Amino acid sequence: MTDKGDIAGHYAREGRLSEKILELARQHRVSPEGPLTVADLATFDQFHLRARQGTAELAELAQPAPGSLVLDIGAGIGGPARQLAESCAVTVVALDLTEAYCRDAATLSAAVGLEQKVLACCADAGRLPFPDATFDLVWTQHAAMNVPDKQALYRDAARVLKPGGRFALHDVMAGPAGPPHYPTPWASRADQSFLMPPERIRELIASSGLTELAWEDRTDALLADERAQAARQSGAERPPGPYMLYAGFLELSRNVRRSLVENRARVVIGLFAKPEA
Ligand SMILES: C[S@@+](CC[C@H](N)C(=O)[O-])C[C@H]1O[C@@H](n2cnc3c(N)ncnc32)[C@H](O)[C@@H]1O
């Protein structure tokens, strides 16, 4: 039987990640000398397919206005939230179930001077601790896979949106060819994973009162990009990335790719609007 603690335990199994990330970011700087930047951390702090690029693509779709208040559900250690705060000039509440990740998110945001713009909050996706109509944008990447009650997830996301606000998602969903290969990055075992077919997710979001603006299955494009990148990098040393954070990361990544190739999982991005009052 899986409970929320079990899922948080899956993510917290390597202990705190922030010290390791700060050390790696200093060793593999992408910005010139000076204080560490969001870009330096971003090599290691984005726990979803296509990393920074995936976040940039979803931001391009969602187009948050400068000054907006954004909620990131299942924000991890806050990598996407920091990227959004910096690139779109928004304030982001980075909400996550895993306490260790929330502490890491706060530490890393403070390390790049974003403690006023990225606010870590430890809570459960289906029971958001905010009043109705609080946020301009609700955002989620690669977290719904761990949430068994998706109706509660989407209803609560719709509840906390202001009228006219947007809901943006970038998620792994069930493929028609059977369950994914375990362990995956989001689940050590099958009973921690709750993938649902894309069409069912679409229906649940619509029944939460949100209007669809965009929906795109990105799986084939993602796999084609990865093949092209692998060909370009053939024989070269693997560039720095989150795989440096703990042993076993590459096995998890391989299982995701295998699952996508075998049509056991799909990657979708979508954008929805809450009707004006
Ligand atoms: C694969 S990570 C993605 C993190 C982040 N969105 C990113 O892309 O870097 C999934 C995150 O969802 C969080 N999560 C899982 N179930 C949750 C729930 N019920 N409520 C809030 N967060 C949850 C996990 O703790 C984990 O940090």
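Residues numbered from 1 in each chain as written. Predicted model: local features only at pLDDT ≥ 70, side-chain atom pairs only at ≥ 80, totals over all residues. Heavy atoms only, no water.

The chain is annotated in an unreviewed UniProt entry as Class I SAM-dependent methyltransferase from Aquibaculum arenosum.

**Topic: the overall build of the chain**
Selection criterion: Helix numbering and strand numbering both begin at the N terminus, where a helix is a DSSP run of H or I of at least 4 residues and a strand a DSSP run of E of at least 2. This radius of gyration counts C-alpha atoms alone. The globule rule is 2.2 Å times how many residues there are, raised to the power 0.38. Under the scheme applied here, a residue whose accessible area is under 20% of the maximum for its type counts as buried, over 50% as exposed, and between as partly exposed, the area being computed with a 1.4 Å probe on protein chains only. By definition, residues are in contact when any of their heavy atoms lie within 4.5 Å. Throughout, the Shrake-Rupley method with a 1.4 Å probe supplies accessible areas, and for residues the shown protein chains are the sole cover considered. Under the counting rule used here, the positive set is Lys and Arg, the negative set is Asp and Glu, and His together with the chain ends is not counted. By convention, charge coordinates are those of NZ in Lys, CZ in Arg, CG in Asp, or CD in Glu.
Regarding its fold elements, the chain presents 10 helices and 7 strands. Rg of the C-alpha trace for the chain: 18 Å, near the compact-globule value of 19 Å for 277 residues, within the 12% margin. For the chain, the spread of C-alpha atoms along the principal axes amounts to about 55 × 45 × 35 Å. Sorting the 277 residues of the chain into buried and exposed places 50% on the buried side. Considering only contacts within the chain whose residues lie at least 6 apart along the sequence, 78% involve residues at least 24 apart. When the accessible surface of the chain is totalled, it reaches about 12200 Å², and 54% of it is carbon and sulfur. One finds the centroid of the 30 positive side-chain charges in the chain at a distance of 2 Å from the centroid of its 35 negative side-chain charges.

**Structural notes on the pattern of salt bridges**
For clarity, the threshold we go by: For this analysis, a salt bridge means a side-chain nitrogen from Lys or Arg found within 4 Å of a carboxyl oxygen belonging to Asp or Glu.
Using the criterion set out here, one finds 22 salt bridges in the structure. Between Asp 45 and Arg 82 there is a salt bridge, with its nearest N and O atoms 3.0 Å apart. With Asp 45 in the loop between α3 (38-42) and α4 (51-62) and Arg 82 in helix α5 (residues 79-88), the pair connects residues that are 37 residues apart, well separated along the chain. Judged on exposure class, the residue Asp 45 and its partner Arg 82 are both buried. The closest approach of N and O atoms between Arg 159 and Asp 156, which form a salt bridge, is 2.7 Å. With a gap of 3 residues between them, Arg 159 and Asp 156 both fall in helix α7 (residues 150-160), about one helical turn apart. The network of salt bridges with common partners includes Arg 50, Glu 57, Glu 216, Arg 218 and Asp 225.

**Remarks on the packing of α7 against helix α8 (residues 198-207)**
Under the convention used in this document: Note on method: axes are straight lines fitted to C-alpha atoms, helices fitted across the in-contact stretch only, with angles between N-to-C directions ranging 0 to 180 degrees. Roughly parallel means an angle under 35 degrees; roughly antiparallel means over 145; roughly perpendicular covers 65 to 115; every other angle is labelled oblique. The handedness criterion is simple: a crossing whose near helix is rotated anticlockwise from the far helix by less than a right angle is left-handed, and one whose near helix is rotated clockwise is right-handed.
Direction vectors running N to C along α7 and α8 enclose 40°, while the axes themselves pass 8 Å from each other. If you check the angle between α7 and α8, you find them oblique. The two elements α7 and α8 meet at a crossing, and its hand is right-handed. On α8, the residues that touch Lys 150, Gln 151 and Tyr 154 of α7 are Ile 201, Leu 204, Ile 205 and Ser 207.

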